[in-house]
Every structure is written in C-alpha cells, then in structure tokens.
Amino acid sequence: MDNRQAIGSWLSGPRAAAEDMGVDFGYRGERLGLPENGPGSVAPLGRRFGALMVDWALCVLIAYGLLARGDWQASGNWALGILLVLSLLTVGTVGSTPGKRLFGLRVVAEDGGRLGLGRVLVRSVLLCVAVPALVWDRDGRGLHDRLARAVQVRI
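Residues numbered from 1 in each chain as written. Predicted model: local features only at pLDDT ≥ 70, side-chain atom pairs only at ≥ 80, totals over all residues. Heavy atoms only, no water.

Asks: Looking at this model, I keep getting lost on the packing of helix α4 (residues 72–93) against helix α6 (residues 117–129). Mind explaining?
Replies: Packed helix pairs are specified by the crossing angle of their axes together with the interaxial distance, meaning the distance between the axes. One can describe the packing of α4 onto α6 by two numbers: an axis separation of 9 Å at closest approach and a directional angle of 150 degrees. As summarised for this structure, α4 and α6 are arranged roughly antiparallel, according to the angle between their axes. Of the two possible hands of crossing, α4 and α6 adopt the one that is right-handed. Here Leu80, Leu83, Leu84, Ser87, Leu88, Val91 and Gly92 of α4 lie close against α6, whose contacting residues are Val120, Leu121, Arg123, Ser124, Val125 and Cys128. (Axes fitted to C-alpha atoms, helices over the stretch in contact; angles between N-to-C directions. Helix = DSSP H or I, 4+ residues; strand = E, 2+ residues; numbered from the N terminus. Parallel < 35°, antiparallel > 145°, perpendicular 65-115°, else oblique. Left-handed = near helix turned anticlockwise from the far one by under 90°. Contact = heavy atoms within 4.5 Å.)

Encoded structure:
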C-alpha cells in the first residue's frame, strides 16, 4: 500500500483513510449509548456553532447596552462574563441556553440526566476559554463537554 494512501489526503483526512482501510468508527454517540439520529442523538456541529453564535450575539448586545456604555471594545470583555453567567444559569437549570433552545439542543450528562452545578461550572469556564471547545473526540464532543462528562443532544 502506498504511504500517502495510509496517511490520507489533506482533503479527506486521516479518518477517511482509516475507514477506507476497513476501520469501523461507528456513528457519533454510539459509545455513549445514544441513538444515531433524531431526538437524543449527538447534536451536529453546525447547530452547536449556530447556537453559540446566537448566545454570543445576545451577550454582546446585553453588554453593549447595559454595561459597556456604548463602547464596542469594552462590550466584548463584558460579553464573555455574561456568557459565563448565562451558561451557568440556563444550562444549570433547564439544560440549554437561549441559542441551544432555538436550535433544538440540550446539554445532558453522559447518563442522560441533568448536570450538577460543579459540572456546569467546569463546562462553562472551559467554554469561555474557547480552546477546549475546539478540541473534539470521536463522538464530536468538545473537551469542555468531555471533562464535564456532558453531551449536547437534539431535543
């Protein structure tokens, strides 16, 4: 076999190359006991990103209007704090932020239950740091969700 084929191309990536060689990764969420699609399945990346953008826009507007006194640069710093509080309050109580609710998503524990306050705090702080949210496992969960033992699912 050609080494280039084993490594994968920059277009298909290493996962596609491994699948071509016969490796079965299963579907996202299979290892967690979640369905492949429909309610309760792992939320797709596009919906999660859209929900985050809605939440961020809401936080920037709140910061701009209430805390930054019309200073756009200062509103970004305030918005990060508001995002932390928003995530703590909404994910910790109803399981979803306004953006997640709009996109039909919910954050649950790996066993399907609610997240406790400590796990919501870990998840929210890591989300605000941003880097852990950009590192995913094979189930499509960000490092912030993995460390909090949480998963974002469709509702």
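Asks: How do you make sense of a nonpolar patch on the surface when you look at a structure like this?
Replies: Residues Leu121, Val122, Val125, Val129, Val131, Val135, Leu143 and Leu147 make up a contiguous nonpolar surface patch of about 630 Å² in total accessible area. Those elements that provide at least two residues to the nonpolar patch are α6 and α7 (143–147). The element contributing the most residues to the nonpolar patch is α6, with four residues. Note that Val122 resides in helix α6. On the basis of relative accessible area, Val122 is assigned to the partly exposed category, the value being 37%. (Patch = residues over 30% accessible without salt bridge, like charges linked within 9 Å, V, L, I, M, F, W, Y side chains within 5 Å. Areas by Shrake-Rupley, 256 points an atom, 1.4 Å probe, with all protein chains shown as cover. Salt bridge = Lys/Arg side-chain N within 4 Å of Asp/Glu carboxyl O. Buried < 20%, exposed > 50% of the residue type's maximum accessible area, 1.4 Å probe, protein only.)

Asks: Please clarify how the side chain of Ser124 should be interpreted in this entry.
Replies: Its location among the elements puts Ser124 in helix α6. Ser124 sits in the buried class, given a relative accessible area of 1%.

Asks: Looking at this structure, how should I read the packing of aromatic side chains?
Replies: The geometry of an aromatic ring pair comes down to the distance between the two centres and the angle between the two planes. Enumeration according to the criterion identifies one aromatic pair in this entry. With centroids separated by 4.0 Å and ring planes inclined at 15 degrees, the aromatic side chains of Tyr64 and Trp72 adopt a geometry described as stacked. According to the relative accessible area criterion, Tyr64 is partly exposed, its value standing at 28%. Trp72 gets classed as exposed once you look at its relative accessible area, which sits at 52%. (Phe/Tyr/Trp six-rings, centres within 6.5 Å; stacked < 30°, edge-to-face > 60°.)

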